[in-house]
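These are the residues of each chain, in order.
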Amino acid sequence: MTKPIVLYGHTSGPNPWKVAIILEELKIPYEIKIVDFAEIKKEPYTNINVNGRVPAIEDPNTDITLWESGAIIEYLVETYDKENTLTYTSFPEKYLVKQWLHFQVSGQGPYFGQAAWFTKFHHERLESPTKRYQDEIVRVVSVLDKALTGKKYLVGNKCTYADLAFVTWDSMLPFIFGDKFATLNFEKNYPAYFAWNKSLTERPAVQKITKDKQAAMAKGH
Ligand SMILES: N[C@@H](CCC(=O)N[C@@H](CS)C(=O)NCC(=O)O)C(=O)O
């Protein structure tokens, strides 16, 4: 029997919840340990992730400790998705899924994250970096919209781990943009992106994690 994987996460940070969605989709048992940001750059947590960020996992079934959400997702799929429900073994699809995951971790996460930093958390409001990262969000959305035009998913005709990897950062956009979000009108301007994101958020695994995240935030960790 599979023993629960420990997922180190945070209440509001989207990267660990991205991993949780994959765990839910694959029905892998897991438990979440919330790491307070005040403790994240110190031991004992840095013994688990020397980079002092979440997510990280510890898998007692294989004795691996792993960090970086993209690497964790690939590990989970390769180890536990025996039926290839969230991936492909065929060429070139197998590599196209990886391409989109790499785009998510390098092209979506960091830019969306910096936009959140400069709009919400930086100690002063600075116009040019805020604009730079908000513009980059819209550009990334436009790239996804172009790639998804006429398609339901990024690769082939099924939902893969690459599609799912985008959801948690996308769900942060109303928070990042505030009042400006409505004016961007993604439904009208980026309809393929909008429909894709909507279909992903309607999946039971995504709905469950959205609720779990809200509950964790309400507890105020
Ligand atoms: N590239 C990393 C990014 C991880 C990351 O930035 N996590 C945020 C939470 S979503 C974090 O730990 N922030 C705390 C900090 O930077 O001190 C990944 O994809 O796992």
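Described in the following lines is the structure provided in the data block. (Residues numbered from 1 in each chain as written. Predicted model: local features only at pLDDT ≥ 70, side-chain atom pairs only at ≥ 80, totals over all residues. Heavy atoms only, no water.)

**Focus on the layout of surface pockets**
Piece 1. The volume enclosed by the largest pocket comes to roughly 1200 Å³.
Piece 2. In terms of lining, the largest pocket is formed by 42 residues, of which the most central are Gly13, Pro14, Asn15, Gly113 and Trp169.
Piece 3. Looking at the lining of the largest pocket, the elements with two or more residues in it are helix 1 (14-25), helix 4 (93-121), helix 7 (167-170), helix 8 (173-177) and helix 12 (204-219).
Piece 4. Among the elements that line the lining of the largest pocket, the one with the most residues is helix 4, at 8 residues.
Piece 5. In terms of residue class, the lining of the largest pocket is built from 22 nonpolar, 15 polar and 5 charged.
Piece 6. Residue-level mapping places the lining of the largest pocket at the junction of two domains, with at least three residues from each of domain 1 (5-85 + 205-219) and domain 2 (93-203).
Piece 7. The computed volume of the second largest pocket comes to approximately 280 Å³.
Piece 8. Together, 14 residues line the second largest pocket, and Phe181, Phe186, Tyr193, Phe194 and Asn197 are the ones closest to its centre.
Piece 9. Broken down by element, the residue count for the lining of the second largest pocket peaks at 5 residues, all from helix 11 (residues 191-201).
Piece 10. Along the lines of polarity and charge, the residues of the lining of the second largest pocket split into 7 nonpolar, 4 polar and 3 charged. (1 Å grid on protein atoms, 1.4 Å probe; cavity = no way out; pocket = protein on both sides within 12 Å on 5 of 7 lines; lining within 4 Å. Points joined across faces, edges and corners; volume = space filled by probe spheres on them. Helix = DSSP H or I, 4+ residues; strand = E, 2+ residues; numbered from the N terminus. Nonpolar A, V, L, I, M, F, W, Y, C, P; charged D, E, K, R; others polar. Domains from an automatic or database assignment.)

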